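Architecture and fold: a report
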Amino acid sequence: MSYTGPGFDPPQPRRSRRGPLTVALAALVPGALLGWAVYAAVGGSGGDEGSGGASASASGTPSAGASPSAGADDTKPGASASAKSPSASAPAGSGPLKGKVVVIDPGHNPGNFRHTADINRQVDIGTNRKECDTTGTATNDGYAEAEFTLDVAHRMRTLLERQGATVKLTQDADRPFGPCVDERARIGNKAKADAVVSIHADGSGTGNRGFHVILPGAVHSGAADTRAIVEPSGDLGERIAGNFVRATGSAPSNYIGGGTGLVTREDLGGLNLSTVPKVFIECGNMRDSKDAALLTSGAWRQKAAQGISDGIVGFLRG
Ligand code: ZN
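All of the points below concern the structure found in this document. A quick note: this is a predicted structure, and the numbers were derived from the prediction, not measured.

Concerning the nonpolar core
Membership of the largest hydrophobic core comes to 40 residues, with the highest contact counts inside it found for Phe 148, Leu 160, Ile 199, Ile 281, Ile 308 and Ile 312. Looking at this core, the element that brings in the most residues is helix 11 (residues 298–317), giving 8 residues. The residues touching Phe 148, leaving out its near neighbours within four places in the chain, are Tyr 143, Ile 199, His 200, Ala 201, Cys 283, Met 286, Leu 295, Trp 300 and Arg 301.

Right under this line is the structure:
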């Protein structure tokens, strides 16, 4: 949530129990989250596999000091490094996504906290003016959202390049800070991306759990005109939500989106200024210990990357 800036007050938590949530979900979005419905119907608890993991100590090094329950899942030393290596990915040019361009936008930048004046600069988002970027949130043990988003992005890049897509990242910790949210949008536009996904993890209250996908609302103001991307972005977002549930076993957010895992917003520059299909995903809540145990697990991040990528592939293949 940290990209929202200090003025955003998240809704109060609603601790739904699984049963009613499933019913509500089935009524609201019978197709989009089929995976979740199946998961819930069989009484699965995959989303809770990190339970007991409150002690996960992932202070910046995902492979170190995992809790007992998360230990089996945790990333192997070096896995992250190999995912970052360009040579680990197959070259684009063959596969079902040949010719498709995917832009992955890893939220924030690990260096943002050293450049507060730069990232606090106001930029035009069409409807409003807003901070260039924010530092992002972190788990209570110090695993930064900016590290999480880069790791998931690298894993996604590998998966999508294997499908033949041309993949571009808006930043790879290869610049001191940023880019600003308006530039993040322009990078996708300029690349004529077929799909853009901005990767985040939320910084909400304890007990608030689960993922949500943020869809662009219809905005037409100043430099912002999302009217043409609302529908395809909705399709992209629903596919990502459904596949994220299937791949991770995580439940949709219990604090926003009414159990659907989908939220529409008109106040995000990264969406408002996009002219190509784009969504955000908040993969979980870094400030909840159970979600944090998942987010700090390399194995779980691989599942998350797989789910998001599968949603993109489904969208691009129609
Ligand atoms: Zn964020």
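There is more to say, and it comes next.
Notes on the coordination of the zinc ion
Any two of four tetrahedral donors ideally make an angle of 109.5 degrees at the metal, while pairs among six octahedral donors ideally make 90 or 180 degrees. Note on the zinc ion: its protein donors are His 108 (NE2), Glu 145 (OE) and His 200 (ND1). The metal-donor distances range over 2.0 to 2.1 Å. Read in sequence order, the donor residues coordinating the zinc ion give the pattern H-x36-E-x54-H. Of this pair, Glu 145 sits in helix 6 (residues 145–162) while His 200 sits in strand 5 (residues 195–202); the two residues are 55 residues apart in sequence, bridging distant segments of the chain. The residues Glu 145 and His 200 share a single accessibility class, namely buried.

Quick notes on the pairing of strand 4 (residues 166–169)
Alternating residues of strand 4 divide into Val 167 and Leu 169, all buried, and Thr 166 and Lys 168, none buried. Relative to strand 4, strand 1 (residues 101–106) runs parallel, the two sharing 4 bridges. Paired with Val 102 across the two strands is Val 167, which belongs to strand 4.

Quick notes on the pattern of salt bridges
Inspection of the entire model under this criterion finds 13 salt bridges. Of the charged contacts, one joins Asp 105 and Arg 184 as a salt bridge, the two residues approaching to 2.7 Å between their closest N and O atoms. Within this pair, whereas Asp 105 is found in strand 1, its partner Arg 184 is found in helix 7 (residues 181–190), the two being separated by 79 residues in sequence. In this structure Asp 105 comes out as buried when scored by relative accessible area, which is 2%. Across the pair Arg 227 and Asp 225 runs a salt bridge whose closest N-O atoms are separated by 2.9 Å. For Asp 225, a relative accessible area of 32% gives the class partly exposed. Through salt bridges with shared partners, a single network forms among Asp 105, Asp 133 and Arg 184.

So, the state of the cysteines
This structure, assessed with the given rule, holds 1 disulfide. Disulfide pairing places Cys 132 opposite Cys 180 at an S-S distance of 2.2 Å. The S-S bond linking Cys 132 to Cys 180 shows a torsion near -90°; that makes this disulfide left-handed. Here the residue Cys 132 occupies a position in the loop between strand 3 (129–131) and helix 6, and Cys 180 occupies one in the loop between strand 4 and helix 7, the gap between them amounting to 48 residues. Look at Cys 180 and you get buried, because its relative accessible area is 4%.

As for the environment of Leu 273
In this structure, Leu 273 sits in the loop between helix 9 (269–272) and strand 10 (278–285). Residue classification places Leu 273 among the buried positions, given a relative accessible area of 12%. It is 8.7 Å that separates the C-alpha atoms of Leu 273 and Asn 189, two residues lying 84 residues apart in sequence. Sequence-distant contacts of Leu 273, that is, excluding residues within four places in its chain, are made with Asp 124, Ile 125, Gly 126, Asp 182, Ala 185, Asn 189, Ala 223 and Ala 224.

Calculation notes
- Residues numbered from 1 in each chain as written.
- Predicted model: local features only at pLDDT ≥ 70, side-chain atom pairs only at ≥ 80, totals over all residues.
- Heavy atoms only, no water.
- Core = buried A, V, L, I, M, F, W, Y, C linked by side-chain atoms within 4.5 Å.
- Buried < 20%, exposed > 50% of the residue type's maximum accessible area, 1.4 Å probe, protein only.
- Helix = DSSP H or I, 4+ residues; strand = E, 2+ residues; numbered from the N terminus.
- Contact = heavy atoms within 4.5 Å.
- Donors = N, O, S within 2.8 Å, 3.2 Å for Na, K, Ca; no water.
- Pairing = 2+ DSSP bridges.
- Salt bridge = Lys/Arg side-chain N within 4 Å of Asp/Glu carboxyl O.
- Disulfide = S-S within 2.5 Å.

Geometric descriptors of this kind do not, in isolation, establish any biological role.
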